[in-house]
Amino acid sequence: MVDSQYIVSVDANCQYCYKCLRNCFVKSIKFENEKSKVLAEDCILCGDCIEICPQKAKTYRKDIEKLTSILNRPFMVSIAPSFYAHFDQPFKVISFLKSLGATYVGETAVGAEIVSMKYGEIFEKSSGPTISTACPVVVYYVERYQPEIIPYLANVVSPAAAHLEFMKSYFGKFPSVFIGPCIAKKKELEGVYDVVLTFEELDEYIKISKVNLSSFKDVLPDPPYAEKAAFYPITDGINFSTNRKFEDSISISGVRNVAEFLKNLDISTKIFVELSACDNSCINGPAIRKDLSVVQKKSRILKIRNELKSTRKRIIQIDSNLKLSREFKDRSKKTTYSEEAIKEVLISMGKTDPSKELNCSACGYNTCREKAVAVLEGKAEKEMCLPYLVEKVSSASNKLVEESPNIIFIHKDGKILYKNKMARKYFLNFSENQIMEFISEIERKRLDKINLELFGKHFTFYCKTFELPEESGNVIVLVDVTRENKQKEEISRIKNESIKRIEEVLEKQMLLAQEIASLLGESIAEAKSRFEQFKKIMEESDDNL
Ligand code: SF4
Ligand code: SF4
Ligand code: SF4
């Protein structure tokens, strides 16, 4: 499985929340060793994961460096029709591009105009649906996930590719740059254009160039100009440009809507179908500004169209040598997994029967079964299942409590809810009422230590009580400190005995001192003082025990 070179994962930012996977319509994100990767073959480049990731852990390949590498030569630029919706000063941006060395800055809509003519021809000849292929995400989706639709795709290159053919036929072979709102175009136009940038990237380049855009004069795009195809990026714009009527066309946008529509495609009806993967089409593409509504963006495009109407120079005819046709490939996966293999994975995730298949989507997959298939495909790890993990963690913590060397009771409303192994051992001969009385005494008197006769022996317990969250019960922990207490008593006994002996020695010394007082006077007084000090230290250390 190859990682996508277009959708880039920033591992350091990823928090493994699976939000991207939950929102990825085709589930083309793989999680392994706490890293997420976008799978090149499965990804349709819709860009949803980039928009949805709260940690900015998904982005797309940026190609500004490629742009800088062609700046020392004359180059041609194709600007997508939503250019006017994105930039506040579009004619100054064109001027900026010219200042970089662009000898020609034309509208991709010219290519769209050519494509629309081709769509019209295909539609006329067709007896069933004719599906627009301007949106690369739609094409990738069909090729990978619904290849049975391929015969209905209009086999025409995209507007951007048609525009390049057109530019080359006029100006020859110069380095070329496409600028648009779409991430998927980077793949579609790889090896076609020399550089494919998004509007966001051009914004970034203008910023790092530190130019004052307002100081540039307004420069119009280079002719020829498109007419109706200028509305390609707006819902129904392709139908409008293809001269379709309400009765013989339909427009669907949004990748989920597109997929649903294609699943139920009526192949016996002659209809022109405009499909766009982005909700509300390209003016809402993944790399176009989001601070304007689609209505505002549409108004901007309309306004500029009206302003430029008088200067429009329409394309009269298409050079018949332009390469405008293309083929589509069935790129679907053929692997299927046996019921046994899927079941085995489900069981390993703790789904031992259907009632345990919660289908909660916490892992990012729509169903536990879908997730099990992803595990078999090597795209997911079974540990990604949240209920499975919770069960694992809680059974581990349950084991810790059960096997604790201390006595643990949980009680609520006068009833014992739980006794661990040690509690069952020590309180073997106690009834539930007796245990509750014992616990009540500790809690009522707030005891931190309690003595108890068990099996004819004396025990001392250190007591700790606390409440469980959400009033689910009270816990009492008893730590058996009987042995430690005994040791302490023994040490105390030994010390007392030592002190007693010292006193006896001192007494004898005093008697002896009286007899030989004249000979040893001061030395005896000093020895007495030393013995007194030693005795005091012993007594103090005994108190501190
Ligand atoms: S949305 Fe995806 S990429 Fe972003 S933090 Fe969550 S798991 Fe990681
Ligand atoms: S770009 Fe779209 S298809 Fe690709 S991983 Fe992201 S959400 Fe999925
Ligand atoms: S609708 Fe437009 S911007 Fe969105 S994916 Fe398709 S071509 Fe790209």
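Check the entry above for the structure.
On a predicted model such as this, the values are computed, not experimentally measured, just so you know.

Q: Summarise the packing of aromatic side chains; cite the residues concerned and give the values.
A: All told, the structure shown has 23 aromatic pairs when counted by the stated rule. Relative to Tyr145, the ring of Tyr141 has its centre 5.7 Å away and its plane inclined at 25°; by these criteria the two rings are stacked. Pair noted here: Tyr141 and Tyr145 are both in helix α7 (residues 136-145), with a separation of 4 residues, about one helical turn. Assessed through its relative accessible area of 26%, Tyr145 is described here as partly exposed. Seen in terms of ring centroids, Tyr426 and Phe461 are 5.7 Å apart; in terms of plane orientation they differ by 70°. Their pairing is edge-to-face. Placement of the pair is Tyr426 in helix α17 (residues 421-426) and Phe461 in strand β15 (residues 457-467), with a sequence separation of 35 residues. Phe461 carries the same exposure label as Tyr426, and that label is buried. Taken together through their ring pairs, the aromatic side chains of Phe83, Tyr84, Phe87, Phe91 and Phe199 make up a single cluster.

Q: So what's going on with unusual backbone geometry? Which residues, and what values?
A: Residue Pro224 follows Pro223 across a cis peptide bond; omega there is 5°. Tracing the chain through its elements places Pro224 in the loop between α10 (199-209) and α11 (237-241). In this structure, Leu45 is a non-glycine residue whose phi angle is positive, near 60°. You can see Leu45 is positioned in the loop between β3 (35-38) and α2 (48-52). Given a relative accessible area of 3%, Leu45 falls into the buried group.

Q: Could you give an account of the pattern of salt bridges, with specific residues and numbers?
A: For the structure on display, the rule yields 34 salt bridges. Note that Arg300 is salt-bridged to Asp88, the shortest N-O span being 2.6 Å. One end of the pair, Arg300, is in helix α13 (residues 294-308); the other, Asp88, is in the loop between α4 (83-86) and α5 (90-99), with 212 residues separating them in the sequence. Relative accessible area serves as the criterion here: at 53%, Asp88 is assigned to the exposed category. Its salt-bridge partner being Arg289, residue Asp291 comes within 2.8 Å of it at the nearest N-O pair. Taken together, the shared-partner salt bridges connect Glu41, Asp42, Arg144, Lys333, Glu377 and Lys379 into one network.

Definitions and limits used
- Residues numbered from 1 in each chain as written.
- Chains lettered and ligands numbered in written order.
- Predicted model: local features only at pLDDT ≥ 70, side-chain atom pairs only at ≥ 80, totals over all residues.
- Heavy atoms only, no water.
- Phe/Tyr/Trp six-rings, centres within 6.5 Å; stacked < 30°, edge-to-face > 60°.
- Helix = DSSP H or I, 4+ residues; strand = E, 2+ residues; numbered from the N terminus.
- Buried < 20%, exposed > 50% of the residue type's maximum accessible area, 1.4 Å probe, protein only.
- Salt bridge = Lys/Arg side-chain N within 4 Å of Asp/Glu carboxyl O.

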